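Listed here are the chains, written in short residue letters.
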Amino acid sequence: MSLGHFYLQAVCLSLTLLMTFTPAEGAPTTTSAQTTLAGDALNEILTRGEPILGVNKGCTKGSKTCDWMASIPDNTPIVHMNLPGTHDTSTWNYTAETQGALERYTGPLPPSDVFRCQQDSIFDSLNDGIRVFDMRYSYNPGNDTIGFYHGSALLSPTTTLEDVLFGFYSWLIQHPTEAVFISLKYESGPGRSYDAALQTKLYHALFDGPAKRFWVQKENQLGTLGQARGKITLLQRFDWDFLDPATFPNRMGLHLSPSVWTDNGPSIELLYNNQTTPQGIAYIEDFYEPLTTGGPGPAVDAKFAAVSQHLQNATSNAHPDQLFITFSSAEVNTDGVFPRYMALGNDTTPGVNHRLLPFLKDLHAAAPHGKARVGMIMLDFYKNVPGLIEAVIGI
Ligand SMILES: *[C@@H]1O[C@H](CO)[C@@H](O)[C@H](O)[C@H]1NC(C)=O
Ligand SMILES: *[C@@H]1O[C@H](CO)[C@@H](O)[C@H](O)[C@H]1NC(C)=O
Ligand SMILES: *[C@@H]1O[C@H](CO)[C@@H](O)[C@H](O)[C@H]1NC(C)=O
Ligand SMILES: *[C@@H]1O[C@H](CO)[C@@H](O)[C@H](O)[C@H]1NC(C)=O
Ligand SMILES: *[C@@H]1O[C@H](CO)[C@@H](O)[C@H](O)[C@H]1NC(C)=O
């Protein structure tokens, strides 16, 4: 049995025990040794996952957004919900120091600010109410495990996809009312290969062991919140192009294929299901690089024009039952407008996040029952503008 399988089994057991016993009453003595063993295995995995997951410090007391889905009815279609997300989630600790420590793997790179899009960990984001996570994977150095990247920036050489998924599972056990969405996209880069072995590893991570219980198994359809609670829904931004479906038959999530996702598109209409009536279409704004000059001012103007138009479309009656995804994140690195300046502006110019907050409040105020459907919004540096998550959700 490989080490990977050992961990999978130990953690399966530990997750099962976590779900079976309430800590308040204490675990029955006959299984306390097993509980300890399983707990140790989970702790080891979470420690290895820390550079990407962070540490779960729990929710801020009195937080409105901790378990915000608890008050939303089970029969709510996912496509009618407002879901705050983080773009390039895994970059939250990619400082100059982290980059320096990893340059022995990557070689010298542009400044870390070019790659950094977040400053809050996955656990902090979950506890803050973020529910959609944009994760970019590739081989870790050594080509044995799957890890996380933003472009050529390696984010942690020792953390694996499996470690991070167990982190999500452990959070979901504690927050069974919540539904989480993970977008997985293959990140190409120098010295990294995209091959059948990588896809086979990914397939096992997504379908083996405890995964079946924690991932929504529907294919190319978004159901209701009730069906998605306590689970992860996959947004599949990659193709299973190396795997023979006869040998690897499982599929789940929405297939948002990179082959039809227009690069830098301000208004993408992505058909993911032609079998249903109406067909399944995702409306996506992913205008990540406006290529303006003149600093944050013109860059934020160009980006916000795309964001605001797309959000107007999301709230209109044109496609009420289709998925809308709006990336509020962008950069013009060529003009020194790194993701942070796009999101937060500079001392004299407001960023996209500052403009998004009142815009969202106005959209909700103008809508029936005080809540407009804005869909998924993928944010950079969400926490620097307090109230942004509430404004996305509409609470
Ligand atoms: C974040 O990066 C710093 C500097 O590289 C490192 O010391 C720290 O351990 C990292 N944090 C986590 C949670 O990995
Ligand atoms: C990993 O794969 C890449 C691309 O095929 C190759 O260039 C590199 O040498 C491999 N690294 C190791 C450690 O095997
Ligand atoms: C429907 O989608 C399937 C799978 O993506 C594709 O193979 C097929 O060509 C599509 N059919 C039409 C009529 O577009
Ligand atoms: C802040 O952004 C404005 C608008 O793009 C620009 O004119 C100004 O030079 C920037 N300030 C600094 C200190 O970079
Ligand atoms: C908004 O909808 C209109 C009409 O369907 C379409 O032409 C336009 O491209 C959409 N804009 C965005 C930004 O989604």
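Residues numbered from 1 in each chain as written. Chains lettered and ligands numbered in written order. Predicted model: local features only at pLDDT ≥ 70, side-chain atom pairs only at ≥ 80, totals over all residues. Heavy atoms only, no water.

You'll find the chain entered in an unreviewed UniProt entry as PLC-like phosphodiesterase, with Pluteus cervinus given as the organism.

## Overview of the overall build of the chain
Per the secondary structure count, the chain includes twelve helices and eleven strands. Taking 2.2 N^0.38 as the reference for a compact globule, 395 residues should give roughly 21 Å; the C-alpha atoms of the chain span a radius of gyration of 21 Å, in line with that estimate. Looking at the 395 residues of the chain, the share that counts as buried comes to 54%. Sequence-distant contacts in the chain: of pairs separated by 6 or more residues, those separated by 24 or more amount to 72%. Put simply, the chain shows about 16600 Å² of open surface, and 54% of that area lies on carbon and sulfur atoms. Within the chain, the 38 negative side-chain charges are centred at a point lying 5 Å from the centre of the 25 positive side-chain charges. (Helix = DSSP H or I, 4+ residues; strand = E, 2+ residues; numbered from the N terminus. Rg over C-alpha atoms; globule rule 2.2 N^0.38 Å. Buried < 20%, exposed > 50% of the residue type's maximum accessible area, 1.4 Å probe, protein only. Contact = heavy atoms within 4.5 Å. Areas by Shrake-Rupley, 256 points an atom, 1.4 Å probe, with all protein chains shown as cover. Lys, Arg positive; Asp, Glu negative; His and termini not counted. Charge placed at Lys NZ, Arg CZ, Asp CG, Glu CD.)

## Here we look at the site of ligand 1
Around ligand 1, the surrounding shell consists of Glu 50, Pro 51, Trp 92, Asn 93, Glu 97 and Thr 98. Measuring from an oxygen atom of ligand 1, one finds a side-chain N or O atom of Asn 93 at 2.4 Å. Here an oxygen atom of ligand 1 sits 2.8 Å away from a polar atom, N or O, in the side chain of Thr 98. Expressed as a share of its isolated accessible area of 360 Å², the protein-covered part of ligand 1 is 58%. Taken together, the elements giving at least two residues each to the shell around ligand 1 come down to helix H2 (32-53) and helix H3 (96-106). Of the residues that constitute the shell around ligand 1, the class distribution is two nonpolar, two polar and two charged. (Near = heavy atom within 4 Å. Polar contact = N/O pair within 3.5 Å; in protein donor to acceptor, adjacent residues only side chain to side chain. Nonpolar A, V, L, I, M, F, W, Y, C, P; charged D, E, K, R; others polar.)

## What about helix H11 (residues 352-366)?
Compared with an ideal rise of 1.5 Å per residue, which puts 15 residues at 21 Å, H11 spans 21 Å between its outermost C-alpha atoms and is within 8% of the ideal. Val 352, Asn 353, Leu 356, Leu 357, Phe 359, Leu 360, Leu 363 and His 364 are the residues of H11 that are buried. At its buried positions, H11 is contacted by helix H9 (296-315), helix H10 (339-344), strand E11 (376-379) and helix H12 (388-393). (Expected span 1.5 Å × (residues − 1).)

## Comments concerning the environment of Leu 222
One can find Leu 222 in the loop between helix H7 (211-214) and helix H8 (225-228). Between the alpha carbons of Leu 222 and Gly 280 there is a distance of 9.2 Å; along the sequence they are 58 residues apart.

## Side note on the pattern of salt bridges
In total, this model carries twelve salt bridges according to the counting rule given. Measuring nitrogen to oxygen at the nearest pair gives 3.6 Å for the salt bridge that ties Glu 187 to Arg 136. With Glu 187 in the loop between strand E5 (180-186) and helix H6 (196-207) and Arg 136 in strand E2 (residues 132-139), the pair connects residues that are 51 residues apart, well separated along the chain. Classification of Glu 187 by relative accessible area gives buried; the value is 7%. The partner of Glu 187 in a salt bridge is Lys 185, with the nearest N and O atoms 3.3 Å apart. Residue classification places Lys 185 among the partly exposed residues on the basis of a relative accessible area of 22%. (Salt bridge = Lys/Arg side-chain N within 4 Å of Asp/Glu carboxyl O.)

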